[in-house]
Amino acid sequence: MPNPDDYGLGYWHLHLPFSQEYIDSKKTPNKLRREIMQELIERVNHLINIKSKEQRDYCIYATISLPNLFDSQIVAIPDKSWFDGFFERNSAEQKWIPLESERNLIKEWNLVLISDLKVRGFKEIISDDDFIYEGEIWFIGELT
């Protein structure tokens, strides 16, 4: 289990070990994209299950970014206090708008949700000078 305190930002995260050109290519089959998402869920569950007593306050979760799956990652934060205000993004540069409750990444991609992991989805809008991005960001794991 990685220790979030060992990293300069106070948390640990790991991106996908693929090239961006490959994973985000329109030629990459959805079957593979689904398998990657499922593996992220399984790894989150694995890390949760191997936490020691000293790590019991750690929160482990995955972010799944769509359509740019390459931006997905697994994250370990020291405790739930890191979530205070975390999901509230409403600036000119970045907005996270909660997705409708009818939306369900697990059903849409035929994924298997392990144990009692929580799922939250947002429409993400990033605006920075001449760059505009719109997509979805899904959080799966130990969330508040």
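Residues numbered from 1 in each chain as written. Predicted model: local features only at pLDDT ≥ 70, side-chain atom pairs only at ≥ 80, totals over all residues. Heavy atoms only, no water.

**What about the environment of Lys 26?**
Right, on to step 1. Relative to the assigned elements, Lys 26 resides in the loop between α1 (20-23) and α2 (30-49).
Right, on to step 2. For Lys 26, a relative accessible area of 85% puts it in the exposed group.
Right, on to step 3. Considered as a pair, Lys 26 and Pro 67 are 41 residues apart in the sequence and their alpha carbons are 10.0 Å apart. (Helix = DSSP H or I, 4+ residues; strand = E, 2+ residues; numbered from the N terminus. Buried < 20%, exposed > 50% of the residue type's maximum accessible area, 1.4 Å probe, protein only.)

**Topic: unusual backbone geometry**
It is generally the case that most residues other than glycine have a negative phi and that most peptide bonds are trans.
Right, on to step 1. With an omega of 10 degrees, the peptide bond running from Leu 66 to Pro 67 counts as cis.
Right, on to step 2. Located in the positive-phi region is Asn 110, a residue other than glycine, with phi close to 55 degrees.
Right, on to step 3. Along the chain, the position of Asn 110 falls in the loop between α3 (105-108) and β5 (118-128).
Right, on to step 4. Of note, the phi angle at Asp 129 is positive, near 50 degrees, even though the residue is not glycine.
Right, on to step 5. Relative to the elements of secondary structure, Asp 129 occurs in the loop between β5 and β6 (131-141).
Right, on to step 6. Judged by its relative accessible area of 79%, Asp 129 falls in the exposed class.

**Section: the side chain of Glu 142**
Right, on to step 1. Among the secondary structure elements, Glu 142 is positioned in the segment after β6.
Right, on to step 2. Given a relative accessible area of 19%, Glu 142 falls into the buried group.
Right, on to step 3. A polar side-chain atom of Glu 142 sits 3.0 Å from a polar atom in the side chain of Lys 51.
Right, on to step 4. A polar contact of 2.8 Å, which involves the side chain of Glu 142, links it to the backbone nitrogen of Ile 60.
Right, on to step 5. Not counting residues up to four positions away in its chain, the partners in contact with Glu 142 are Ile 48, Lys 51, Tyr 58, Cys 59, Ile 60, Tyr 61 and Phe 83. (Polar contact = N/O pair within 3.5 Å; in protein donor to acceptor, adjacent residues only side chain to side chain. Contact = heavy atoms within 4.5 Å.)

**Some points on the layout of surface pockets**
Right, on to step 1. Taken as a whole, the largest pocket holds about 320 Å³ of empty space.
Right, on to step 2. Every residue lining the largest pocket is counted, 18 residues in all, and those nearest its centre are Tyr 11, Tyr 61, Gln 73, Val 75 and Phe 86.
Right, on to step 3. At the level of secondary structure, the elements contributing two or more residues to the lining of the largest pocket comprise β1 (12-15), β2 (59-66), β3 (73-77) and β6.
Right, on to step 4. Classifying every residue of the lining of the largest pocket by side-chain character gives ten nonpolar, five polar and three charged. (1 Å grid on protein atoms, 1.4 Å probe; cavity = no way out; pocket = protein on both sides within 12 Å on 5 of 7 lines; lining within 4 Å. Points joined across faces, edges and corners; volume = space filled by probe spheres on them. Nonpolar A, V, L, I, M, F, W, Y, C, P; charged D, E, K, R; others polar.)

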